[in-house]
Amino acid sequence: SQDRVFNFAAGPATLPENVLLKAQSELYNWRGSGMSVMEMSHRGKEFLSIIQKAESDLRTLLNIPSEYAILFLQGGATTQFAAIPLNLVKPDDPVDYLVTGSWGDKAFKEAKKFSKAKVIWSGKSDNYTRIPSFEGLEQSPDAKYLHICANETIHGVEFKNYPTSKNGILIADMSSNFCSKPVDVSKFGIIYAGAQKNVGPSGVTIVIIRKDLIGNAQEITPIMLDYKIHADNNSLYNTPPCYCIYMCGLVFEDLLAQGGLEEVEKKNKKKAELLYSAIDLSNGFYRCPVEKSVRSLMNVPFTLEKPELEADFVKEAAKEKMIQLKGHRSVGGMRASIYNAMPLAGVEKLVAFMKDFQARHA
Ligand code: PMP
């Protein structure tokens, strides 16, 4: 609508307009209950119906097999960096990390505190612009798991297919491409994601975990990090982030109504192709450093040939109601995050602006 901006932020990020309007209409009095979702007991029948529907819609969306539990947790994806080794391995167990950007690196550094974590490949020397071929990977023979970040939000590097762990399980941080395309969940031991990019507000983290991996936490594991506690209590051991879970539920309904993740992926591909080709066809005025085959459909980093124009670019775009285009402080340049909820019209407007800006400044 007229009074909304196109928000290219990496997260918290733009949400579907119809979801926001639905939440608005239900905010004051949720479906005749006489109260807002924010005021409900998490153990009352109203909220139970909300969390159960959210879980079952997510199961349908991602086709999650019954051997997997879905947990709605707090603490952000960052908390999972510690929870994963604490739940799955002993302090002396080897585990492998494939590091394709800053988030994978953060996950590794946290895991080192609770396991014998090893980086088996890092893209750091190439400024995190690629993903290695899986055949040549030297995995530790006894590694209990292999961890990847499926989409590096800052560097814009996305796995298009997945390695297999030699002797353990595969674990993926999908925070920034969760529900952006179909995923074969059965290839993974754990998939986890903070909600605040593709599926809701910040405050809830979704963990999809194969049930046989639950129940082996290290003795020192805080109760809030123990998957068994949360699985046994259907994510209601303590007060969950009720309103966030409700919002995620509305987003899942919306994604199903769009025809599911195959349809969503088609839209995401179309938006990304439009933006990447504008960059690639700009005669070097704009440049994306990421290797073409692994460019993210969600986060598009790009630089300007003349970096002195970057501040003007951001300022002029904001004047045209396109905000949050500045790249992450660690890499500079620009970044357009074009999650599920970014409409095609937003990307079209950005591309038109980029062409016009180039014409004025080339
Ligand atoms: N992993 C990835 C890929 C991310 O993009 C982020 C957040 N930007 C995180 C982890 C950390 O998530 P949180 O802020 O929810 O802890």
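Residues numbered from 1 in each chain as written. Predicted model: local features only at pLDDT ≥ 70, side-chain atom pairs only at ≥ 80, totals over all residues.

- Naming follows an unreviewed UniProt entry, where the protein appears as Phosphoserine aminotransferase of Juglans regia.
- Quoted verbatim from the Sequence similarities (unreviewed entry) heading of the UniProt record, the comment on the protein is "Belongs to the class-V pyridoxal-phosphate-dependent aminotransferase family. SerC subfamily." (UniProt positions renumbered as here; feature names shortened; annotations may be inferred.)

### What to know about the nonpolar core
Right, so step 1: The biggest cluster of nonpolar side chains holds 107 residues, and the ones touching the most others in it are Ala 111, Ile 190, Ile 206, Ile 245, Cys 248, Leu 275 and Ile 338.
Right, so step 2: Here this core takes 11 residues from helix H6 (residues 242-257), the largest share from any one element.
Right, so step 3: Those residues within four positions of Ala 111 in sequence are excluded, and the remaining contacts are Phe 81, Ile 84, Pro 85, Val 95, Tyr 97 and Ala 117. (Core = buried A, V, L, I, M, F, W, Y, C linked by C-beta atoms within 7 Å. Buried ≥ 20, exposed ≤ 12 C-beta atoms within 10 Å, placed from the backbone. Helix = DSSP H or I, 4+ residues; strand = E, 2+ residues; numbered from the N terminus. Contact = placed C-beta atoms within 7 Å.)

### Some words on the sheet that holds strand S5 (residues 145-149)
Right, so step 1: Strand order in this open sheet of 7 strands is S2-S10-S9-S8-S5-S3-S4, and the pairing throughout is mixed. Of all the strands in the sheet, just strand S2 (68-73) and strand S4 (116-122) have a single pairing partner and so form its edges. The mean inter-strand angle of the sheet, taken between neighbouring strand axes irrespective of direction, is 20 degrees.
Right, so step 2: Where helix H4 (residues 102-111) meets the sheet, it contacts strand S3 (94-99), S4, S5 and strand S8 (169-173), and its direction lies at approximately 160 degrees from that of S3. (Pairing = 2+ DSSP bridges. Axes fitted to C-alpha atoms, helices over the stretch in contact; angles between N-to-C directions.)

### Side note on the site of the ligand
Right, so step 1: Every residue lining the ligand is accounted for by Gly 11, Gly 76, Ala 77, Thr 78, Trp 103, Cys 149, Thr 153, Asp 173, Ser 175, Ser 176 and Gly 194.
Right, so step 2: Examining the composition of the shell around the ligand, we find that 3 residues originate from one element, helix H3 (residues 76-88), more than from any other. (Near = placed C-beta within 6 Å.)

### Overview of the pairing of strand S12 (residues 299-304)
Right, so step 1: Summarising burial for S12: 5 of the 6 residues are buried, a large majority.
Right, so step 2: Of the pairings in the sheet, the one linking strand S11 (residues 286-287) to S12 comprises 2 bridges and is antiparallel in character. By the bridge assignment, Arg 287 is partnered in S12 with Thr 303.
Right, so step 3: Across 4 bridges, the pairing between S12 and strand S14 (residues 334-337) is antiparallel. Within the sheet, the bridge partner assigned to Asn 299 lies in S14 and is Ser 337.

### Let's talk about the packing of helix H1 (residues 17-27) against H6
Right, so step 1: As a packed pair, H1 and H6 sit with axes 10 Å apart at the nearest point and diverge in direction by 135 degrees. When the axes of H1 and H6 are compared, the pair comes out oblique. By crossing handedness, the relation of H1 to H6 is classed as right-handed. Taking contact as the criterion, the partners of Asn 18, Val 19, Lys 22 and Ala 23 in H1 are, on H6, Met 247, Leu 250, Val 251 and Asp 254. (Parallel < 35°, antiparallel > 145°, perpendicular 65-115°, else oblique. Left-handed = near helix turned anticlockwise from the far one by under 90°.)

### Observations concerning the sheet that holds S12
Right, so step 1: If you trace the 3 strands from one edge of the open sheet to the other, you get S11-S12-S14, paired in antiparallel fashion. Taken across any chain shown, the strands that pair with only one partner, and hence form the sheet edges, are S11 and S14.
Right, so step 2: Across the sheet, helix H7 (residues 261-280) touches S11, S12 and S14, and the angle it forms with S12 is around 15 degrees.

### Some remarks on the environment of Gly 44
Right, so step 1: Its location among the elements puts Gly 44 in the loop between H1 and helix H2 (45-62).
Right, so step 2: The class of Gly 44 is exposed, set by 12 C-beta atoms lying within 10 Å.
Right, so step 3: When the C-alpha positions of Gly 44 and Gly 123 are compared, they lie 48 Å apart, and in sequence the two are 79 residues distant.

### Description of unusual backbone geometry
Right, so step 1: Residues Gly 11 and Pro 12 are joined by a peptide bond in cis, for which omega reads -5 degrees.
Right, so step 2: Structurally, the position occupied by Pro 12 is in the loop between strand S1 (6-7) and H1.
Right, so step 3: With a phi angle near 55 degrees, Asn 63 is a residue other than glycine that sits in the positive phi range.
Right, so step 4: When you line up the elements, Asn 63 lands in the loop between H2 and S2.
Right, so step 5: Owing to 13 C-beta atoms within 10 Å, Asn 63 belongs among the partly exposed residues under this scheme.

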